Amino acid sequence: MSVETSPTTAQPSGIGGLVLIFGWVNLAVLAAFLINNFLINAFDWPGVAVFSPATGGLAWVQFAIYVAAVVIGAVFAFSRRDVALRAEADRVSGLNAFFIRWAFWMVLIIGLVDFSMSFLRVEGFLEAWVGTDMYRNLGLPHYRGIYVHVPLMLVAIVFAVFTRTLGFTWLALLIVVAELLIVFSRFLFSYEQAFMADLVRFWYAALFLFASAYTLLEEGHVRVDVFYASFSTRRKGVVNAVGALAMGIVFCWTILILGMATPASIINAPVFNFEVTQSAGFGMFVKYLMAAFLGIFAISMMIQFVSSLFSAIADWRGDPGAVEHEGASVA
């Protein structure tokens, strides 16, 4: 729960302006990193190896993407120099809310569709409905990922645009319903298939990872509090700013770099190979998406840490509009 104490009017200047530039440049570089990662893994681009003797024009294009990201981020931040830091924090949080809404709609829609397809496939109904050729294609992870899951991801964007709820409560309820379905079908009808447990894991992983950024916004994470509660708002701002920079943003970049450094990294390898479980013939084809959840977690937390950094610096400067959170803590 949060309580806003006064309106936000203070404009960023000095260190506030520098933090504003850093935050937006960081987000722009994050976008450039993800674009380059996609180009490397999906289209075999060489990566930013501009100083290699074998460097081609594509490497310079990828390098230019990073340069453009820095310039665009800095110019955008400069154009926002007359806007309060707290207003910028709200803008970044709103951007993150849209991203997380899209992620929740994605896992909801893909979960239901893939669950249904797996059920029809296991029970022998799918081939009669779609024909032999399509039935075989839908049994291929690459085909189902590209021609079924990707279009559903685009549909999820539409739902994210026209909705405002993040859906945490509904997703938690659906996890309970999916688990109850396993219990009832197993003990009442002696029926259980791998895709039923896959759906529970798929949704639970999404709930756990996607809700982290929202929990950070509401200061709902458990804080081991020894001195923090007695600090002034200004000193809390210093602590939160250092934490957002030295721990939060660095931690998120560590996940992304280690997970996407090479095509064989722990996020890239399963995602771009559409990896499935060993029970793929009887289960859902979503294991590769669960690997992507780690990347979505790092991205959403990175965005939210930038928002937290803006708010923390505003607290340190004594800007109006400070928010007091009543979060969980351990004294």
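Residues numbered from 1 in each chain as written. Predicted model: local features only at pLDDT ≥ 70, side-chain atom pairs only at ≥ 80, totals over all residues. Heavy atoms only, no water.

### Focus on the overall build of the protein
Okay, so step 1: Within the protein, the regular secondary structure consists of 11 helices and 4 strands.
Okay, so step 2: Residues counted as buried form 44% of the 331 residues belonging to the protein.
Okay, so step 3: Of the roughly 17100 Å² that the protein leaves accessible, carbon and sulfur atoms contribute 70%. (Helix = DSSP H or I, 4+ residues; strand = E, 2+ residues; numbered from the N terminus. Buried < 20%, exposed > 50% of the residue type's maximum accessible area, 1.4 Å probe, protein only. Areas by Shrake-Rupley, 256 points an atom, 1.4 Å probe, with all protein chains shown as cover.)

### Quick word on the layout of surface pockets
Okay, so step 1: By volume, the second largest pocket amounts to about 960 Å³.
Okay, so step 2: Every residue lining the second largest pocket is counted, 29 residues in all, and those nearest its centre are L34, W102, M260, I296 and I299.
Okay, so step 3: Elements supplying a minimum of two residues to the lining of the second largest pocket: α1 (15-43), α3 (85-122), α6 (141-162), α10 (268-272) and α11 (287-317).
Okay, so step 4: Among the residues forming the lining of the second largest pocket, the class breakdown is 25 nonpolar, 4 polar and no charged. (1 Å grid on protein atoms, 1.4 Å probe; cavity = no way out; pocket = protein on both sides within 12 Å on 5 of 7 lines; lining within 4 Å. Points joined across faces, edges and corners; volume = space filled by probe spheres on them. Nonpolar A, V, L, I, M, F, W, Y, C, P; charged D, E, K, R; others polar.)

### Examining the side chain of S93
Okay, so step 1: Secondary-structure assignment places S93 in helix α3.
Okay, so step 2: Residue S93 is classed as buried on the basis of its relative accessible area of 13%.
Okay, so step 3: A polar contact of 2.8 Å, which involves the side chain of S93, links it to the side chain of S307.
Okay, so step 4: When near neighbours in sequence (up to four residues on either side) are disregarded, S93 contacts L217, Q304 and S307. (Polar contact = N/O pair within 3.5 Å; in protein donor to acceptor, adjacent residues only side chain to side chain. Contact = heavy atoms within 4.5 Å.)

### Here's the deal with the pattern of salt bridges
Okay, so step 1: All chains considered together, the criterion is met by 8 salt bridges.
Okay, so step 2: With a closest N to O distance of 3.0 Å, K287 and E275 form a salt bridge. Of the two residues, K287 is situated in helix α11 and E275 in the loop between α10 and α11; the sequence distance between them amounts to 12 residues.
Okay, so step 3: Its relative accessible area of 30% is what places E275 among the partly exposed residues. (Salt bridge = Lys/Arg side-chain N within 4 Å of Asp/Glu carboxyl O.)

### Digging into the environment of A59
Okay, so step 1: Position of A59 among the secondary structure elements: in helix α2 (residues 57-79).
Okay, so step 2: Note: C-alpha distance between A59 and P46 (13 residues apart in sequence) is 5.8 Å.

### Considerations on the packing of helix α9 (residues 233-260) against α11
Okay, so step 1: At a closest axis distance of 8 Å, the pairing of α9 and α11 adopts a crossing angle of 160°. By the angle class used here, α9 and α11 are roughly antiparallel. Judged by the twist between their axes, the crossing of α9 over α11 is left-handed.
Okay, so step 2: Its residues placed into classes, the contact of α9 with α11 shows 23 nonpolar, 5 polar and 3 charged. (Axes fitted to C-alpha atoms, helices over the stretch in contact; angles between N-to-C directions. Parallel < 35°, antiparallel > 145°, perpendicular 65-115°, else oblique. Left-handed = near helix turned anticlockwise from the far one by under 90°.)

### Quick notes on the nonpolar core
Okay, so step 1: Grouped together as the largest cluster of nonpolar side chains are 84 residues, with contacts concentrated most on F210 and F293.
Okay, so step 2: Not counting residues up to four positions away in its chain, the partners in contact with F293 are M106, V107, F202, A205, A206, L209 and F210. (Core = buried A, V, L, I, M, F, W, Y, C linked by side-chain atoms within 4.5 Å.)

### A few points about the packing of α3 against helix α7 (residues 168-189)
Okay, so step 1: Orientation of α3 relative to α7, taken along the N-to-C sense of each, is 20°, at an axis distance of 11 Å. Here α7 runs roughly parallel to α3, going by the angle between their axes. Note on packing geometry: the crossing formed by α3 with α7 is left-handed. Side by side, α3 and α7 meet where I100, F104, V107, L108 and F115 of the first sit next to F168, L171, L174 and L181 of the second.

### Structural notes on α9
Okay, so step 1: Between its terminal C-alpha atoms α9 stretches 38 Å, which fits the 40 Å expected from 28 residues at 1.5 Å a residue.
Okay, so step 2: Along α9, the sharpest change in direction is near 35° and occurs at A244.
Okay, so step 3: What α9 keeps buried is the set K236, G237, A241, A244, G248, I249, C252, W253, I255, L256, G259 and M260. (Expected span 1.5 Å × (residues − 1). Bend = angle between axes of the 7 residues up to and from the residue.)

### Side note on a nonpolar patch on the surface
Okay, so step 1: A grouping of F98, V150, L154, I157, V158, V161 and F162 is seen on the molecular surface, where their side chains present a nonpolar patch of about 620 Å² in accessible area.
Okay, so step 2: Broken down by element, the residue count for the nonpolar patch peaks at 6 residues, all from α6.
Okay, so step 3: For L154, the position within the fold is in helix α6.
Okay, so step 4: What makes L154 exposed here is its relative accessible area of 53%. (Patch = residues over 30% accessible without salt bridge, like charges linked within 9 Å, V, L, I, M, F, W, Y side chains within 5 Å.)

### With respect to unusual backbone geometry
Okay, so step 1: For S190, which is not glycine, the phi dihedral falls at a positive 50°.
Okay, so step 2: Mapped onto the elements of the fold, S190 is located in the loop between α7 and α8 (194-217).
Okay, so step 3: Positive phi is not limited to glycine here, since F274 has a value of about 50°.
Okay, so step 4: Looking at where F274 falls in the secondary structure, it is placed in the loop between α10 and α11.
Okay, so step 5: Since its relative accessible area comes to 13%, F274 is described here as buried.

### Notes on the environment of E192
Okay, so step 1: Note that E192 resides in the loop between α7 and α8.
Okay, so step 2: According to the relative accessible area criterion, E192 is partly exposed, its value standing at 39%.
Okay, so step 3: Remark: the alpha-carbon pair of E192 and L181, spanning 11 residues in sequence, is separated by 9.4 Å.
Okay, so step 4: Non-local contacts of E192, meaning those with residues more than four positions away in its chain, are made with I182 and R186.
Okay, so step 5: A polar contact is formed between the side chain of E192 and the side chain of R186, at a distance of 2.8 Å.

Read these as geometric descriptors, not functional statements.
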